[in-house]
Amino acid sequence: MTFEALRCALARDGSISGPAALAALLSGARWKVPSNTASARTLWAIWCDRLDMLVETGESDPGLLESLAQAVDGLHDVGDARVCMATVVDPPRRFHVYLSEDLAHCAGVWEGRVNEQAPRAAT
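Residues numbered from 1 in each chain as written. Predicted model: local features only at pLDDT ≥ 70, side-chain atom pairs only at ≥ 80, totals over all residues. Heavy atoms only, no water.

Engineer: Help me get a handle on the environment of Leu26, residues and values and all.
Structural biologist: Mapped onto the secondary structure, Leu26 falls in helix H2 (residues 18-26). Remark: the alpha-carbon pair of Leu26 and Arg7, spanning 19 residues in sequence, is separated by 7.9 Å. Sequence-distant contacts of Leu26, defined by excluding residues within four places in its chain, comprise Phe3 and Arg7. (Helix = DSSP H or I, 4+ residues; strand = E, 2+ residues; numbered from the N terminus. Contact = heavy atoms within 4.5 Å.)

Structure representation (structure tokens):
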């Protein structure tokens, strides 16, 4: 049921990253929809700071910045509502999908990157 809810929410999403997240999901990417939720306002504050940091440090991928900015706006628009943050992982991409508490629609979707750094060897 959760896969179908995520698929339906992404199919209705109008964000720039929604179609790519849906395509990744349908092509067999790993996905997870946690059972816990958080305040959209809290997530908005966190991701606003992250967006500012990316801009300040000279992030060179305009698509990543636009995708995150759009998701931040979506979180702002839902205010104090509870959302859950699902992920769709299709290396090297990781989609962050902010779903309404009832999983019926997306508040925002953005495309990040999977951290593929090798673990450090113990010395």
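Engineer: Got a sec to walk through the nonpolar core? Specific residues and values, please.
Structural biologist: Within the largest apolar cluster, 19 residues are counted, with the highest numbers of intra-cluster contacts made by Leu6, Leu10, Val33, Val88, Val97, Leu99 and Cys106. Looking at this core, the elements that each hand over two or more residues are helix H1 (2-12), H2, strand E3 (82-90), strand E4 (93-100) and strand E5 (106-113). Once you skip the residues sitting within four places of it in the chain, Val33 turns out to touch Thr2, Leu6, Cys84, Ala86, Leu99 and Leu103. Grouped together as the second largest cluster of nonpolar side chains are 16 residues, Leu43, Leu51, Leu65 and Val72 included. (Core = buried A, V, L, I, M, F, W, Y, C linked by side-chain atoms within 4.5 Å. Buried < 20%, exposed > 50% of the residue type's maximum accessible area, 1.4 Å probe, protein only.)

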